[in-house]
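# Breakdown of the fold
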Amino acid sequence: MDLTPHPLVVRARRLATDLLAPAAERVDQEGVPAGHIEAVKRSGLLGVAAPAEHGGAGAPPAVLRETAEILAGACCATWFVQTQHHTPVQTLARSGFPARERLLGPLSRGELLSGVAYAHLRSYPRRPVRVSRQGEGWRFDGTVPWYTGWGLNDVMLLAGVTDSDEVLFAFAEAREQPGLRASAPMRLAALTAARTVSLELDGLWLPAEAVALHTPYVRWAAGDRLKTLHTNPAVFGVAEAALSLLDEGTAAPLRSRLADVRDRAYALADRPASEAGAGERLAVRAEAYEVLRTATTAAVVAGGGRSMALTSRAQRLAREGLFLLVQGQTAESRAAHLRALATPPGEPR
């Protein structure tokens, strides 16, 4: 068995140790700086899962997961900005639309950073963003409730639903322009640093060559549902960072629990997802959240009164843990998590 870490794992650790972790408390209060994004771009981490023939690393899923853990544990806000990028890359890698040839290379090589604006699709049959044909392109109208990385991203992958119940994903420049206006950055309990805004779309027009995906909603939703069953690797990264603040006697049993649920979560992720296995995946996801909550709570307790200072690493990690409870949440995952929270210890969930 080859135990040599992947080069991108080595780079992620170096980036985390030298830049992200030392600045994390300052970034939490002041925002993700452009310098962090430039460092991520130079590292090659934006192309971790991108096709090698387009300048990416073509690394296996295990490498993407490990680098995500490392970055999230060091600075969750920076991780969250850059993690948006992987969905556009993977969308283009499977795309047969013109945007693939124009953008897959620059995104894979880290020359451009992309954000995403599609989580609102999960509120269907409501259509917060509507798409309609206009001339040789497409018109977008409505509101994107959450968009992360404003002022840091170069482009965004924007999605909406047509009157014929199809989803359309297209790329736009991540800046104010005719038909696109951003709110002031939101002040949030956690990850304010990631520069999240809402977007008002009033006739934003994008040409046909900007399209990356056009498919029936039901087809897209089936694939998206299976992706949301998985446990986010950031959960394990933030939990491990919290455990590093504890003495070994306290941390050891929690670290054992974390390793166990991590192994089971990733074993499930490596198996083909199906409707039949949804319950098991959601149960493991809820269990991972429980370990995360315990780890971050223990770090706050160990820090005592110092944990109430905004400069406290333990407090920052606890707030980031709260954020991860709802990030990527769907009605199905919310219901499963609430069932797990309401079930007495020792009873089947």
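Residues numbered from 1 in each chain as written. Predicted model: local features only at pLDDT ≥ 70, side-chain atom pairs only at ≥ 80, totals over all residues. Heavy atoms only, no water.

## A look at unusual backbone geometry
To keep it simple, the criterion reads: Secondary structure is summarised from DSSP: a helix means a run of H or I of at least four residues, a strand means a run of E of at least two, and numbering begins at the N terminus for each. The buried label applies to any residue whose accessible area, calculated with a 1.4 Å probe on protein chains only, is under 20% of its type's maximum; exposed applies above 50%, and partly exposed to all values in between.
With omega at 20 degrees, the peptide bond leading from Tyr124 into Pro125 counts as cis. Mapped onto the elements, Pro125 comes out in the loop between strand E1 (114-117) and strand E2 (129-134). Of note, the phi angle at Leu191 is positive, near 65 degrees, even though the residue is not glycine. Relative to the elements of secondary structure, Leu191 occurs in the loop between strand E6 (180-182) and strand E7 (196-207). Classification of Leu191 by relative accessible area gives buried; the value is 4%.

## Things to note about the pattern of salt bridges
Going by this rule: Whenever Lys or Arg places a side-chain nitrogen within 4 Å of a carboxyl oxygen from Asp or Glu, that contact is recorded as a salt bridge.
Considering all chains together, one arrives at 23 salt bridges under this definition. For the salt bridge of Arg313 with Glu25, the shortest nitrogen-to-oxygen distance reads 2.8 Å. Of the two residues, Arg313 is situated in helix H11 (residues 313-326) and Glu25 in helix H1 (residues 7-30); the sequence distance between them amounts to 288 residues. We note a salt bridge from Asp270 to Arg65, for which the minimum N-O separation is 3.2 Å.

## Quick notes on the state of the cysteines
Rule in force here: The disulfide definition used here is simple: a pair of cysteine sulfur atoms within 2.5 Å.
Tallied over the entire structure, the rule returns zero disulfides. With no disulfide partner, Cys76 has as its closest neighbouring cysteine sulfur the one in Cys75, 7.8 Å distant.

## Re the packing of aromatic side chains
Short version of the rule: Pairing of aromatic side chains here covers Phe, Tyr and the six-membered ring of Trp, requires ring centres within 6.5 Å, and sorts the geometry by plane angle: under 30 degrees stacked, over 60 edge-to-face, intermediate tilted.
The tally for this structure, following the rule as stated, stands at nine aromatic pairs. When the centroid spacing of 6.1 Å and the interplanar angle of 80 degrees are considered together, the rings of Tyr147 and Trp150 count as edge-to-face. Taken as a pair, Tyr147 and Trp150 share a single burial class, namely buried. When the centroid spacing of 5.8 Å and the interplanar angle of 50 degrees are considered together, the rings of Tyr217 and Trp220 count as tilted.

## Section: the nonpolar core
To be explicit about the condition: For the purposes of this section, nonpolar cores are sets of buried Ala, Val, Leu, Ile, Met, Phe, Trp, Tyr and Cys residues that join through side-chain atoms within 4.5 Å.
Membership of the largest hydrophobic core comes to 64 residues, with the highest contact counts inside it found for Val32, Trp79 and Leu324. The set of elements that each furnish at least two residues to this core consists of H1, helix H2 (34-43), helix H3 (61-74), helix H4 (76-83), helix H8 (233-243), helix H9 (248-269), helix H10 (278-303) and H11. When residues of this core are assigned to their parent elements, the largest contribution, 10 residues, is made by H1. Listed in part, the 23 residues of the second largest apolar core include Ala117, Ala172, Ala182 and Leu199.

## Remarks on the side chain of Arg65
Heads up, the rule is: Any two residues whose heavy atoms approach within 4.5 Å are treated as being in contact.
Structurally, the position occupied by Arg65 is in helix H3. When its relative accessible area of 11% is taken as the criterion, Arg65 is described as buried. Leaving out residues up to four positions away in the same chain, Arg65 has contacts with Pro233, Tyr266, Ala269 and Asp270.

## A closer look at the pairing of strand E3 (residues 137-148)
Worth spelling out the cut-off: Paired strands, in this sense, are two strands between which DSSP finds at least two bridges.
Relative to E3, E2 runs antiparallel, the two being bridged by six bridges. Note on E3: the bridge partner recorded for Val129 is Gly142. Count of turn residues in the E2/E3 antiparallel hairpin: two residues, of which Gly135 carries a positive phi of about 60 degrees.

## Considerations on the environment of Leu104
Tracing the chain through its elements places Leu104 in helix H6 (residues 99-108). Linking Leu104 and Asp260, residues 156 residues apart in sequence, is a C-alpha distance of 37 Å. Beyond its immediate chain neighbours, meaning those up to four positions away, Leu104 contacts Pro51, His54, Val89, Leu92, Ala93 and Ala99.

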